[in-house]
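Fold and geometry: a report
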Amino acid sequence: MKQAAIERIERLRKLYLATPMFTDRLSFNRTRRQRLHFLRAFAQSGHLYSTRLRRSAADAYLFDNMAPVIHEDELIVGLPDVSPLTPEEQAEYDTLCKGAQFAPQYARVTAAHMALDYAKLLRVGVRGLLDEVNCRAAGLDLNNPENIEKCEFYDGCRMELEALIRLQHRYADHARKMAKAAAEPRKSELFEIARILDRVPEQPAATFR
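A brief report on the enclosed structure follows.

Calculation criteria
- Residues numbered from 1 in each chain as written.
- Predicted model: local features only at pLDDT ≥ 70, side-chain atom pairs only at ≥ 80, totals over all residues.
- Heavy atoms only, no water.
- Helix = DSSP H or I, 4+ residues; strand = E, 2+ residues; numbered from the N terminus.
- Core = buried A, V, L, I, M, F, W, Y, C linked by side-chain atoms within 4.5 Å.
- Buried < 20%, exposed > 50% of the residue type's maximum accessible area, 1.4 Å probe, protein only.
- Contact = heavy atoms within 4.5 Å.
- Axes fitted to C-alpha atoms, helices over the stretch in contact; angles between N-to-C directions.
- Parallel < 35°, antiparallel > 145°, perpendicular 65-115°, else oblique.
- Left-handed = near helix turned anticlockwise from the far one by under 90°.
- Phe/Tyr/Trp six-rings, centres within 6.5 Å; stacked < 30°, edge-to-face > 60°.
- Lys NZ or Arg CZ within 6 Å of the ring centre and 35° of its normal.

Quick word on the environment of P80
If you trace the backbone, P80 turns up in the loop between helix 3 (51-65) and helix 4 (87-100). Between the C-alpha atoms of P80 and R33, which are 47 residues apart in sequence, the distance is 9.0 Å.

Structure representation (structure tokens):
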């Protein structure tokens, strides 16, 4: 391995070890800023008819409002925003946390105990999953009460998957904007990151990277 690559990996290693991703472990390893987005959206989603859908709407809001983060030296991106909250945001966060104590709970008991089908995601992409969701939802007979919960599940899937695609394209735009202001060789690296993010995860992966 070339010395430059070794030095890059060491810089990234130090960056990741210094990132407080696991020192402020909140709900499902969200950062404090992500948790603020989630709680804010959950509090505003009372018009939805179930806690499950409110959670999906909150996750979608988080995807739509989280800042794209691309660190120097990174070739594969996607770390969360761990910037500290402003005093105003911290006050809002504290208030929302107090209110959340009295909210109905919908336990995602399998969140840490499931094996996701990454092979399928790589094969069909998020767009393929959405197509399957829409196809299955369209085939439900809503006159059958047993299908109401299934319909709710598909609605939640649709909310979150569509928001994930929007986040993907905001990341691509951010990488392209950074590339225009960068010097070589980082300029070419950022344009390549943007090119990749124009495709995945919405479309099936074309290469290992």
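Concerning the nonpolar core
With 18 residues, the main nonpolar core has A58, I70, Y171, A175, L190, I193 and L197 as its most contacted residues. Among the secondary structure elements, those contributing two or more residues to this core are helix 2 (32-43), helix 3, helix 6 (148-181) and helix 7 (186-197). Examining the composition of this core, we find that 5 residues originate from one element, helix 6, more than from any other. Look past the residues within four positions of Y171 in its chain and what remains in contact with it is A67, P68, V69, I70, V77, G78, L79 and L197.

Some words on the packing of helix 2 against helix 4
Where helix 2 contacts helix 4, the axes come no closer than 10 Å and their chain directions differ by 55°. The orientation of helix 2 relative to helix 4 falls into the category oblique. In terms of crossing hand, the pair formed by helix 2 and helix 4 is left-handed. Every residue of helix 4 that contacts helix 2 at R32, R33, R35, L36, L39, R40 and A43 is listed here: E89, Q90, E92, Y93, L96, C97 and A100.

Side note on the packing of aromatic side chains
As enumerated under the stated definition, the model contains 2 aromatic pairs in all. The interplanar angle of 20° and the centroid separation of 6.2 Å between the aromatic rings of F38 and F42 together place this pair among those described as stacked. Pair noted here: F38 and F42 are both in helix 2, with a separation of 4 residues, about one helical turn. Of the residues examined, F42 reaches a relative accessible area of 10% and is grouped as buried. Here the basic side chain of R54 rests over the ring of F42, its NZ or CZ set 4.3 Å away from the ring centre.

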